[in-house]
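Per-entry structural report
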Amino acid sequence: MSKRVCEALLLSAILCSISAEAASAAWGMQTTIAGYFVYDVGAAYVKVDNPENPDGCVSTTYLILDQSAQNFKYIWAQVIAAQATVATVAVRYNGCIGNYPKIDAVAIPNRW
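Residues numbered from 1 in each chain as written. Predicted model: local features only at pLDDT ≥ 70, side-chain atom pairs only at ≥ 80, totals over all residues. Heavy atoms only, no water.

Attention shifts here to the nonpolar core. Judged by nonpolar contacts, the single largest core of 17 residues is most densely connected at V46, L65 and I103. Elements with a contribution of two residues or more to this core: β3 (43–48), β4 (63–66), α2 (72–85), β5 (88–97) and β6 (100–107). Ranked by residue count, the leading element in this core is α2, at 5 residues. (Core = buried A, V, L, I, M, F, W, Y, C linked by side-chain atoms within 4.5 Å. Buried < 20%, exposed > 50% of the residue type's maximum accessible area, 1.4 Å probe, protein only. Helix = DSSP H or I, 4+ residues; strand = E, 2+ residues; numbered from the N terminus.)

What follows is the structure in structure tokens.
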């Protein structure tokens with residue numbers, strides 16, 4: 001390979017790693033779950049008292065969970081339990097699905 005090709009590949013690798021970090025998941029501040037609903041078309045929506053928008057999604061009216069996620073049932077069980085017990089939670093934001101922030105984890109921080 002020529003030196004120019006190697007430099008281009010190196011630059012591409014650096015830029016890809018930077019953009020991957022910018023889109024990485026981030027835990028939000030503690031909040032409580034105000035409500036939730038699920039559709040049979042593949043999405044579950046959560047409403048929290050203090051929504052955040054670290055990825056600049058169009059709306060924060062709801063947060064969304066992807067029902068096709070491997071651990072969806074466990075995360076959804078945490079959502080229901082936290083709402084029923086008015087537990088303080090932290091959610092992990094990880095991009096957007098449609099207009100809404102995607103969450104891929106829910107933790108009850110004072111319990112673990």
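Turning next to unusual backbone geometry. Glycine aside, a negative phi is what most residues show, and trans is what most peptide bonds show. Here the phi dihedral of V86 falls at roughly 55 degrees; this positive angle occurs in a residue that is not glycine. Residue placement: V86 occurs in the loop between α2 and β5. With a relative accessible area of 62%, V86 lands in the exposed category.

What follows covers α2. Relative to the 20 Å expected for 14 residues at 1.5 Å per residue, α2 spans 20 Å between its end C-alpha atoms, a close match to the ideal helical length. Taken together, the buried positions of α2 are F72, I75, W76, V79 and A82. Buried residues of α2, viewed axially, fall in a sector of 125 degrees; they line one side. Exposed residues lying more than 90 degrees from the buried face of α2 are K73, Y74, A84 and T85. In this fold, the buried residues of α2 make contact with β2 (31–38), β3, β4, β5 and β6. (Expected span 1.5 Å × (residues − 1). Arc of directions from axis to C-beta. Contact = heavy atoms within 4.5 Å.)

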